[in-house]
Structure formats: structure tokens, C-alpha cells
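Read off the chains here:
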Amino acid sequence: MELDDMTDNTLIRWIDGQAPAEISGGTTWGMPFPRGTAQGVEALSVADGSGTPVPSQAWPLATWPDGSLKWAGIALPATDTPSDTYQVRADGGTAAEPSQPSSAGASVTVTESADTLTVDTGVLQMVINRGGSTLFSTLSRNGREVARDARLVSLLQDSVPEGAGTVGRDAFTGGVTAVVLEQCGPVRAVVRLEGNHRPDTPESGKRDWLPFVVRFYFHANARSVRMVHSFIWDGDADQDFLAGLGVRFTVPLAAELHNRHIRIAGADGGFLAEAVRGLTGLRRDPGEDVREAQINGRPTPPPDTWNPEVSTRLHLVPTWGDYTLSQLSADGFELRKRTAAGHGWVGITGGTRAGGFCSLSDTRGGLGVGIKDFWQSHPGQLDIRGAATGEASLTAWLFSPEAQPMDLRFYHDGLGQETFEEQLDGLEITYEDYEPGFGNPTGIARTHELTLFAYDATAPTESLAADAASAATPALLQATPEYLHSAGVFGDWDPVDRSTPARAVLEDRLDFLFDFYAGQVEQRRWYGFWNYGDVMHTYDFDRHVWRYDVGGYAWDNSELSPDLWLWYSYLRSGRADIFRFAEAMTRHTGEVDVYHLGPWKGLGSRHNVQHWGCSAKQLRISTPAYRRFYYYLTADERTGDLLTELVDSDQNFLGLDPVRKVRPDAGTYRPNRGALGVGLGTDWGSLAATWLTDWERTGNPRSRDRLLGTMADIGALKYGFLTGEALYDLDKGRFDSGREQIQVSHLSAVFGLVEICSELVDLVPDPEFERAWLQYCRLFLASKEEQVEAVGRPLDGIHLTQAHSRLTAYAAARLQDPELAARAWESFAEGGEHLNHESAFTLRKIEPPHVLAPVDEAPTVSTNDTAQFGLAVIQNLALVGRYLD
């Protein structure tokens, strides 16, 4: 089947290039459909690479304005024979029914009662209580219980000693307050639990805290369950220090101690494989068949068949009931064990980066747990306790209790910056937008992904290694770049094209920049619980480090849209490494850089030494323009939550004026529901992305009307987008279209406005809005004479010429104007001279003693320039690439 022929049939391939050996938990992805080609998910069916129908389940993620299906989530069941490719039909073909290899007709079933909810994949069964202190009460494999009483646990300190000393810790357990069945099969079921952490000793006087959401994902025939855990940090940074956060499972064990097995993943696919009571290495040999059985996790022969010199002395062989792997940094883990509490620990080994997986089982079955991004999100830890008893515990620590407690206090004392004038002066030296009380982390969030494996026996180590790898890097199906482009989603981009020398040069430079940043994550160790997924803002060539400690030059927090650059780079290339880089950034920027409760809910924090440190709390950071790619491509419900949080984000303008420190009319401006100053660049662009995404996802008439209404109002403004700011009636959701002023900012179009407007023009017929946008695109980099002729005065605030060359390119493409196209490429070259010169795309190695460890350094490094260079290349090639050729 040729890609050009794909209208109703679509090729889907594994993002890593080949099918995994097994899909133990099923798989889910999202895919688009061209406008008008699919009227609903009922018309969708899936076939494997040979054309044989396979079981599937589909649900709508977004619709086009005409009501046809735009995006769908699609799920396939677990299988031990995945196809190399799949085809999705949108012509009403018939999908196969879910089935088990041994039991035709099996599917995910959900049984509800007043107190419980039971999910059965046909292989494993989970019973979830509707309230209480457990996430699930039992997890069984083919009816045999392998784990019970799963619960969230946390530890809290109220101080951090500056010197020697100890501090008591209070223990908390997650309490479930709501259970919601979000999907109920036949191929995929999703259960959402909500709650918060409650003190184990109520008399301590500690309050409930750390609101959480946990989702369990079940697929037909699955022997594993995906678990996504998100929590909001709602403590007081000056007195609440999180000292541990984890998920604990009780694992029942009944077999003999020598038939109980611990498996813990080390580095590079290696495994610790031991029994609670070891039979190898003893002074006396129980027999080769006994040793071989224990090492391979099989039941040993009856002890009366062993060498009696061993079988009669088993009680003298120590039992090792407790194991711990701690990964306190990205570069080192320690593994140790002890016989029981009250006895000393014995070191086993150490290494660099552990796989984040362990299992505890006996000959009847057991539990395995894998944590995605384990070492990247350090400090993490895996604990097994009481394996020599009938009820052991396995704890997957998402924040290790052996690490320094989480300290989220602001990093300086304010430096005397009390007034706006003093704060603006500080901005001139460290680029930090400081304001007392605004460096507050209360309301930020973090998401972790785990996979729970239910075993019917101790699995072979090779199988466990495969499970560990699948938990760390889940297999993912995706449509090809060619099909995604043909569907007409996400605006102006084309698949990678090296067909001419000029195009090849630009493509090579895009590859260089991505590879450089991927290398910097590793060399600079941009890892850790709150940091993983972000990059730094600007480089310090004197110290040969990124400016990690200089105000607003440190963590980037989506400044100038690296998120967009990465996602468009993935769409064009289909590269797995780019996808996972963008995925990590989306998880980080959507969770850590945005507030999810409190007075700034729905707002994000501008770049800073600490992700939450800047006083600029703005929609340009929290905008759905950065998150919707991941949501639509993966159907991820957690990202959907983040999009839903923002639906009423226009309300934020009542409580916090984003330009309060620099507002020209600060003396007279008083925000009220009928006259809120809203910028037509970063502010309206973010609101438009919010309303568009919500309208497409839910059909919400409020979002639709506010989007279409404000588009019409911008078109009615005398100077359109050049007005800069308009007065917004919060209750009506409309702008005052009578405002006459010209106010241009170089930042207006570099936080998603370009991309959103391009989509809106094609999506919604509004000639006046299109005229206003074309005017802005045509005039921004026009000559001053042209600007004066058009609007009576030259435009001020024209910077970032290379970035804005794509505005000129857009106008050239819409107007079919070769002269504008030539100007777009000229502006691209002139405005980015430092990034267009060949020397900018080379590396030099900096060696000790000038740096702590060898690092690569590029001649010019700024994430702002990189992201906007990348977006300019991508969009210019799509819009006016033929003029370059």
C-alpha cells in the first residue's frame, strides 16, 4: 500500500522501528483524520500488516468544526505476537473481537458494586475499593492473588538541620476519596482514583496534604497494568520538607524460603537474581539440579532428594528478607540486603544507572514493578521487606527516603527588591523578575509512570529483563510523518526533505541542534525529580557552563517555545529520540512549571534558577499550545487533565495583571470584569489555544463562542493585531473593538501565536480575522516606509528578525508573493547571522581543569535562538521552500 493512497487506510508503525517481542499490557496511541473523512469512531477498524483484522477500541479526542472526527484514541490488546505495522481503516470495516490465546472471546470486563470495582483483563484481576487507604485491595493472576493493599506512602519533616542532628519524620498514607471508571472496555479500561495523604497518627496534628490522582490502565489479555501517579505539592516551603514518596504493595508468599525469589534490575539490562535462602556457594553442594532450579526460578526438587549434608542444615543458612536499591543521583546506585530489621546491612554491589525494576515472587506467582525514567528522575529507591515472612512488602519510592529531604525554599532573601522599580532594576542585571512571595512552589505538580506485572511463577530472568525494558521505554505505535501531514493538523510543516543542497544544509542544522541539546542533557546532567525534561536558557562562555545560577538565564521554562520546536521536529521526522525528548519536556513544563491549585492556578512561571521562582506568572507558559501535541499523539488522560484545568484561564486576568510592572497606564488601569487588558500576542494566543483545544475536545459552546467572538473582534479592530492590547469583557467573552492604538512587541508571536493563527485561518472562515493576521505578518518586518504607508507610523519593538521571518513567509504563501518570499529568506539569513554561519554548527571539547568533566561547547548557545531558529526553518520550508530551491 502506497502512502499516497492512504485516505481510509493508514500505515501505523512502532516508533522505535520494529515490533517489540511482546506487548504485555496492550498499547494506546492517537491519530488524526483529514477533515470530513471519518464521521465517528464507529467507522474505525484496525488490521495488522497482513490485512487481518485485530481487536481494537477507539474513542474521539477531537472533532473538526463540521463535526467529523479529527483525532481518535485507539487501543489494541496485549499480545505476544505484535505485528510490525498496522492499518487503520476509516470506512466502517469490522474489527476482530478481543481474545486470549487460550480463551477466545476474552476482553476487559468491569464489575461494579456499591463498595468495589473489579477489572478483569482475562489474565489478571484487580479489585479496587471505592474509598479507604488502598489503591487496590487485591491483584490476582488467573484468580491467584499476587499482591494486595497497594497504597501511597509519604514522609514529612518540618525542618532540615544545617549541621549534625536528626529530625523526626511523620508518616502519611494516601486516602482515596473518589473512584471513577473513565473507560470500561472491551479492549481498554481506565480507572481514576483521587485523594490526598493523611497522617498515620492523627494525634500528630498534621493536616492532610499532597492531593493525588492515580490512573490504572487495563487492556484485554494483559498481564501487566500501567499506573500513572500525579500529585500536587501543597505544602509550606519554609516548614514542609518531603522526605519520601512511594507506592507500597503487600506481596503474599507461601512457598519454601529457598523458592522465594528476588529480582532487581541493575545497569545495562543486568539483574540481581537471588533467593531468600540461597542454595548456591555453600560449603556443601545440594546438587546441580537443585542449584540450577533455584537460579532459574523454578521449584527445586523435594529436599529429601538433595544431598543430606545440605537438607539437614537448611536452618543454619541465613534468610535474606530485606533488599534495597537506592538511586540517589543520575550516576550511581547502591544495592544491599539484610536478614531482617535490627540486623546490619550487607553491601551487594553498586553501579551507574539502574533499570528501575524489581520483582518478588515464589513458585505460585508474584509482583513486578517498573518505574519509567527511574534514574533520570532521581532520587529513587526500591525496597523489599519481610520476604522471609508470609506477607512481604515491595515499595517503589518515587522520592527516596535516603536522599536529602526535598527543600523547595526560595534560593535568596530578595536582595532588598521591594518595589517594582527595584525589581525592574534587578531584571537589568540578573534577568530575574523577582517579587516578594512569588517564588512559591505551592501548587506545582509531578507525574510518574509505573508498570505493575502479575506473574504466575518466578519468570525467567530474560523475560524480566524484557519487562524492565518495556516499563522504562514503553513501546508506542504512531502514524507516519507523511500521513500526519496529509491529515492537515498542526499548521505549517512538511516532512523532512533533503532533495536539494539548500534544504539538506538546513535539515543538517536542525539535526545538529537537536543532537546538541540531547547531548547537553547527558553531559550537564539535567536530571532530577523536579528538573528532568527542562533545558537551560543561556550559556556562560567564561565558566563553560550554562547560567544555572543567574536569575532568568537558568531553567528555560518554555521560553520562546522549545516545546514547539521539538514537537514539530518530531512530526517531520518520526524520530523516537525526538519524541521522547519532547515527551519529557511536556511532562515537566505542564506539571512543574505550572500551578495546579491556589491563586495562580492555570498560570506558569517564567524562566528562573528555580522553576517556580519568577514573579511573572503567565499563560504563555501554561498554554495548551505546548501540551496538545502529546495529548493528541498518545491520548494521554493526564495531559487531558492539564488541558481541562485551563478552560477558564481568562479568569486569571482579574487576579494578576501580567504586565503590572511595566503597564504604561498603571496609574489609571483597574482590572474589572468588563474591562480587562489582554495582550493580543502571548495572552490571546494562549487563550485561543485553550479555547480551540477545548472546543475540539468537548464541543464546549463557551470556548467556541469566546474563540470565534474574539477572532471577530480582532478583525474589527482598526489596527488588528497591531493594537497590541484590547479590553476584554470577561462575562461576555468579547473584546472592545473600538480601541485605536499601535503597540508591537517582539515577544507577541513567539509563544505559539504564529502556529495557532495559521490553524485558525484554515479552520474557521473569518475574512476580517485573516486580513488582520496577514497585515501583522506582512508589516512586522516590512520597511519603515511600508509601515508608515499602511498604518501611518513605523512600528517599534521589532526584534528577533530571524524568528519573525516566518511571519513574512506566511504572508508570502497566502498572497503568492515571490517578493515577500525572498524577503522572508533574506530576513532569516540576516536576523540569524550567528546561527547561519557554518561555525555555529560545530563543537569544541572543553577538558578539565577548566570544567569538572569533559563537555561539548557550541560557539553560540541560547535556547531562545535555537527554538526560534528551528521553528523558522520548519515553517519557512513548508511555506516558501520552493523559492529557496
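Residues numbered from 1 in each chain as written. Predicted model: local features only at pLDDT ≥ 70, side-chain atom pairs only at ≥ 80, totals over all residues. Heavy atoms only, no water.

Can you help me understand the sheet that holds strand β35 (residues 734–735) in this one?
The three strands lie next to each other as β33-β34-β35, forming an open sheet whose pairing is antiparallel. The sheet is open, and its two borders are formed by β33 (676–679) and β35, each paired with just one other strand. Pairing analysis gives two bridges linking strand β34 (residues 725–729) to β35, with the strands arranged antiparallel. Within β35, the residue paired with Y728 across the bridge is F735. Set on the sheet, helix α13 (residues 682–698) makes contact with β33, β34 and β35; between it and β33 the angle comes to about 85°. (Pairing = 2+ DSSP bridges. Helix = DSSP H or I, 4+ residues; strand = E, 2+ residues; numbered from the N terminus. Contact = heavy atoms within 4.5 Å. Axes fitted to C-alpha atoms, helices over the stretch in contact; angles between N-to-C directions.)

Before we go on, may I ask you to explain the pattern of salt bridges in this structure?
As a working rule, side chains carrying opposite charge can pair if their charged atoms are close by. On inspection of all chains with the given rule, the structure shows 71 salt bridges. With its nearest N and O atoms 2.6 Å apart, the salt bridge here joins R498 to D511. Placement of R498 in the loop between α5 (481–486) and α6 (501–523) and of D511 in helix α6 is noted, with a sequence separation of 13 residues between them. Note on R498: relative accessible area 40%, which makes it partly exposed. The exposure class of D511 is partly exposed, given its relative accessible area of 26%. By sharing partners, the salt bridges in this structure join E182, R192, E194, R215, E591, R638 and D641 into a single network. (Salt bridge = Lys/Arg side-chain N within 4 Å of Asp/Glu carboxyl O. Buried < 20%, exposed > 50% of the residue type's maximum accessible area, 1.4 Å probe, protein only.)

Before we go on, may I ask you to explain the sheet that holds strand β6 (residues 69–76) in this structure?
Neighbouring strands of a sheet are bound in pairs by backbone hydrogen bonds; such pairs are parallel or else antiparallel. A sheet is described by the order of its strands in space; here three strands give the open sequence β2-β6-β5, paired in antiparallel fashion. Among the strands making up the open sheet, the edge pair consists of β2 (27–32) and β5 (57–63). Averaged over neighbouring strand pairs, the angle between their axes works out to 20° when direction is ignored. Along the sheet face, α13 touches β5 and β6 and points at about 140° away from the line of β5.

What am I meant to see in helix α18 (residues 801–815) here?
An α-helical segment advances 3.6 residues per turn. Residues three or four places apart therefore align on the same side. Here α18 contains 15 residues, and its C-alpha end-to-end distance of 21 Å stays within 8% of the 21 Å for a straight helix at 1.5 Å per residue. Counting buried residues in α18 gives twelve out of 15 residues, a clear majority hidden from the surface. All of the buried residues along α18 are Q802, A803, H804, S805, R806, L807, T808, A809, Y810, A811, A812 and A813. Those residues of α18 that are buried are in contact with α15 (753–763), α16 (767–780), α19 (818–831), α20 (833–836) and α21 (863–884). (Expected span 1.5 Å × (residues − 1).)

Can you walk me through a negative patch on the surface in this structure?
A cluster of acidic residues, E418, E421, E422, D425 and E428, forms a negative patch at the surface. Here E428 lies in helix α3 (residues 420–430). (Patch = residues over 30% accessible without salt bridge, like charges linked within 9 Å, V, L, I, M, F, W, Y side chains within 5 Å. Areas by Shrake-Rupley, 256 points an atom, 1.4 Å probe, with all protein chains shown as cover. Lys, Arg positive; Asp, Glu negative; His and termini not counted. Charge placed at Lys NZ, Arg CZ, Asp CG, Glu CD.)

Is there a simple way to think about unusual backbone geometry in this case?
One can expect most non-glycine residues to show negative phi and most peptide bonds to be in trans. Omega for the bond connecting G185 with P186 falls within 30 degrees of zero, at 15°, which places this linkage in the cis form. Residue placement: P186 occurs in the loop between β13 (170–184) and β14 (188–199). Following H378, the chain continues into P379 via a peptide bond in cis, with omega recorded as 5°. Position of P379 among the secondary structure elements: in the loop between β24 (365–371) and β25 (380–385). Its identity is not glycine, yet Y431 carries a phi of approximately 65°, on the positive side. You can see Y431 is positioned in the loop between α3 and β27 (445–455). By relative accessible area, which is 26% here, Y431 ends up partly exposed. Positive phi, normally seen in glycine, also occurs at L800, with a value near 55°. Here L800 is to be found in the loop between α17 (784–791) and α18.

How should I be thinking about the packing of aromatic side chains in this particular structure?
Each aromatic ring pair is summarised here by two numbers: the centre-to-centre distance and the angle between the ring planes. All told, the structure shown has 55 aromatic pairs when counted by the stated rule. Aromatic side chains Y539 and W546 sit 5.5 Å apart centroid to centroid with 85° between the ring planes, which places their arrangement in the edge-to-face category. According to the relative accessible area criterion, Y539 is buried, its value standing at 2%. Between the aromatic rings of F721 and F769, the centroid separation amounts to 5.6 Å while the plane-to-plane angle is 70°, which identifies the pairing as edge-to-face. In this pair, F721 sits in the loop between α14 (701–716) and β34 while F769 sits in helix α16, placing the two residues 48 residues apart along the sequence. Overall, the relative accessible area of 4% leaves F721 in the buried class. Stacked on the ring of F629, the Lys or Arg R628 has its end atom at 5.8 Å from the ring centre. (Phe/Tyr/Trp six-rings, centres within 6.5 Å; stacked < 30°, edge-to-face > 60°. Lys NZ or Arg CZ within 6 Å of the ring centre and 35° of its normal.)

Explain the nonpolar core to me, please; I cannot follow it from the model alone.
One broad rule of soluble globular proteins: the nonpolar side chains tend to lie buried together. In terms of nonpolar packing, the biggest core is built from 234 residues, with L135, F216, W233, W684, F721 and W773 touching the most fellow members. Among the elements that take part in this core, α21 stands out by supplying nine residues, more than any other. Every residue in contact with W684, bar those within four places of it in the chain, is listed here: V678, G679, W691, T710, M711, I714, F721, F735, L753, C757, L760 and F769. (Core = buried A, V, L, I, M, F, W, Y, C linked by side-chain atoms within 4.5 Å.)

I keep staring at the pairing of strand β20 (residues 322–329) and nothing clicks. Help me out?
Across a regular strand the side chains alternate sides, sitting on one face of the sheet and then on the other. By the criterion of burial, β20 is predominantly enclosed, with six of the eight residues buried. Where β20 meets strand β21 (residues 332–338), seven bridges bridge the pair, whose relative direction is antiparallel. Bridge pairing links S329 to G332 in β21. Connecting β20 to the next strand, β21, in antiparallel fashion are two residues.

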